[in-house]
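# Observations on the model geometry
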Amino acid sequence: MSTVKPLLIEGHEAIQTWTINVPDAGNAITGADLIAAVETAVDAANADTGIGAIILTGSGRIFSAGGNVKEMADRRGLFGADPLDQRYGYIDGIQRIPRALGRLEVPLIAAVNGAAIGAGCDLAAMCDIRIASEQAYFAESFVQLGLVPGDGGSWFLQRAVGYERAAEMTFTGDRIDAATAHRWGLVSQVVAHDDLLSAAQELAERIVKNPPKALRMAKRLLQESRTGSLESTLGMAAAMQPLAHGDPEHQRRLSRWKTR
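The protein appears in an unreviewed UniProt entry as Enoyl-CoA hydratase from Mycolicibacillus koreensis.

Here it is in structure tokens:
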């Protein structure tokens, strides 16, 4: 049994960095150990209110190649099962990642350090904010292998770039470079490769300067607003705001604001 951890977690005060560490498989995210590690990391971060931001990146020069293509070609594991078992394999396998990240209360920044292909592209789209190295590229490449996005990418990608851009990426499978990803709104910044993690760290530091409880509620409100009506969004905001007013940190911030 390998002793290599598939997800490396490093902490620096209120900021954590999660690094996908499956370099022999292109940082594929379909392995059971990695999926379980992501779930565990999410639950731990939610339980620790001292964590205000998380950076997600890949080891080496690849963010994530998505699925394990070699296992697909060899018809091993999930990919060798009959169709009904494969259906449940997706539900009980890779689809646990979007569900886990969907319940993550902490702002999540993708630091895309290289190729983000297939489910790797979708993983980036699952994050709240994306920063790309100038060496990064993205491809919603499922159709090129005769597949469809099995991990929720059809939901996440169009919310990042709009339906038309998502359709172009999905129907062609073509790769787009970091500059195009920035122009299309898939990433908020493109930086020199060697500056990627420091840029993500700087953004995380700007985030964690704010009260952690308010940050978590603001993230939940944004996420629910994606699919909720205006009325349901207003109702949630009205319920959350008194909780924020009751936080002692709110009063401390008000006192500082009055002295500006």
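Right, picking up where we left off after that structure.
## Concerning the overall build of the protein
For the protein, the count of helices and strands is 12 helices and 10 strands. At 19 Å, the protein has a C-alpha radius of gyration in line with the 18 Å of a compact globule built from 260 residues. If you line up the protein on its principal axes, its C-alpha atoms span 65 × 40 × 40 Å. Taken over 260 residues, the protein has a buried fraction of 45%. Taking as baseline every contact in the protein between residues at least 6 positions apart, the subset at least 24 positions apart corresponds to 70%. A total accessible area of about 13,700 Å² is found for the protein, and carbon and sulfur atoms account for 56% of it.

## Regarding the sheet that holds strand E7 (residues 129-133)
Strand order in the open sheet formed by six strands is E1-E2-E3-E5-E7-E10, with mixed pairing between adjacent strands. At either margin of the open sheet sits one strand with a lone partner, and together these are strand E1 (7-12) and strand E10 (189-191). Along the sheet, successive strands turn relative to each other by an average axial angle of 20°, direction set aside. Bridge count between strand E3 (residues 53-58) and strand E5 (residues 108-112): three bridges; the pairing is parallel. Within E5, the position partnered with Leu56 by the bridge is Ala110.

## Notes on the packing of aromatic side chains
Enumeration according to the criterion identifies one aromatic pair in this entry. Ring geometry for Trp155 against Phe156: centres 5.1 Å apart, planes inclined by 75°, an arrangement best described as edge-to-face. Note on Trp155: relative accessible area 34%, which makes it partly exposed. Sitting over the face of the ring of Trp155, Arg159 holds its NZ or CZ atom 3.7 Å from the ring centroid.

## Observations concerning the sheet that holds strand E9 (residues 175-177)
Strand order across the open sheet formed by four strands is E4-E6-E8-E9, with mixed pairing between neighbours. In this open sheet, the two edge strands, each paired with only one partner strand, are strand E4 (62-64) and E9. Here the average twist between neighbouring strands, direction ignored, is 20°. Inspection of the sheet shows strand E8 (residues 137-139) paired to E9 by three bridges, in the antiparallel sense. Each bridged residue has a counterpart across the sheet, and for Tyr137 the counterpart in E9 is Asp177. Across the sheet, helix H5 (residues 119-126) touches E4, strand E6 (115-117) and E8, and the angle it forms with E6 is around 100°.

## Things to note about the nonpolar core
Trp18, Leu101, Leu123 and Phe138 are the most contacted members of the largest nonpolar core, which totals 47 residues. In this structure Trp18 touches Leu7, Leu8, Ile9, Ala41, Val42, Ala45, Ile54, Ile55, Leu56, Thr57, Leu101 and Leu104, once residues within four positions along its chain are discounted. Within the second largest apolar cluster, 14 residues are counted, among which are Ile15, Ile109, Leu196 and Ala199.

## Some words on the packing of helix H6 (residues 153-161) against helix H7 (residues 163-172)
The relative placement of two packed helices is expressed as an angle between their axes plus a distance between the axes. Here H6 crosses H7 at 130°, and the two axes come no closer than 7 Å. As far as their axial angle goes, H7 and H6 are oblique. In the crossing of H6 with H7, the sense of the turn from one axis to the other is right-handed. In this structure, H6 contributes Leu157, Gln158 and Val161 to the contact, and H7 contributes Tyr163, Arg165, Ala166, Met169 and Thr170.

Rules of the game
Each chain has its residues counted from 1, following the order in which its sequence is written. Given that the model is predicted, a residue must reach a pLDDT of at least 70 before its local features are reported, and side-chain atom pairs must reach 80 or more before they are shown or counted; all residues, however, enter totals for whole chains, interfaces and linings. Just so you know, side-chain values use all the structure's heavy atoms and leave hydrogens and water out. Helix and strand assignments follow DSSP, with helices taken as H or I runs no shorter than four residues and strands as E runs no shorter than two, numbered in order from the N terminus. Note on method: radius of gyration uses C-alpha positions; expected globular size equals 2.2 Å times residues raised to 0.38. Type-normalised accessible area, obtained with a 1.4 Å probe on protein chains alone, sets the label of each residue: buried when under 20%, exposed when over 50%, and partly exposed for intermediate values. Only heavy atoms enter the contact rule, under which two residues are in contact if any of them lie within 4.5 Å. Here the accessible surface of atoms and residues is derived via Shrake-Rupley with a 1.4 Å probe, and residues count as covered only by protein chains that are part of the display. In short, DSSP must find at least two bridges between two strands for them to pair. Angles here are taken between N-to-C directions and fall from 0 to 180 degrees, while the axes themselves are lines fitted to C-alpha atoms, restricted in helices to the stretch in contact. Pairing of aromatic rings covers Phe, Tyr and Trp, the last through its six-membered ring, and needs centres within 6.5 Å; plane angles under 30 degrees mean stacked, over 60 mean edge-to-face, and all others mean tilted. Over a ring means this: the NZ of a Lys or the CZ of an Arg is within 6 Å of the ring centre and within 35 degrees of the ring normal. For our purposes a nonpolar core is just a set of buried Ala, Val, Leu, Ile, Met, Phe, Trp, Tyr and Cys residues, chained together by side-chain atoms within 4.5 Å. Put simply, angles under 35 degrees are roughly parallel, angles over 145 are roughly antiparallel, angles from 65 to 115 are roughly perpendicular, and the rest are oblique. The hand of a helix crossing depends on one turn: near helix anticlockwise from the far one by less than a right angle means left-handed, and clockwise means right-handed.

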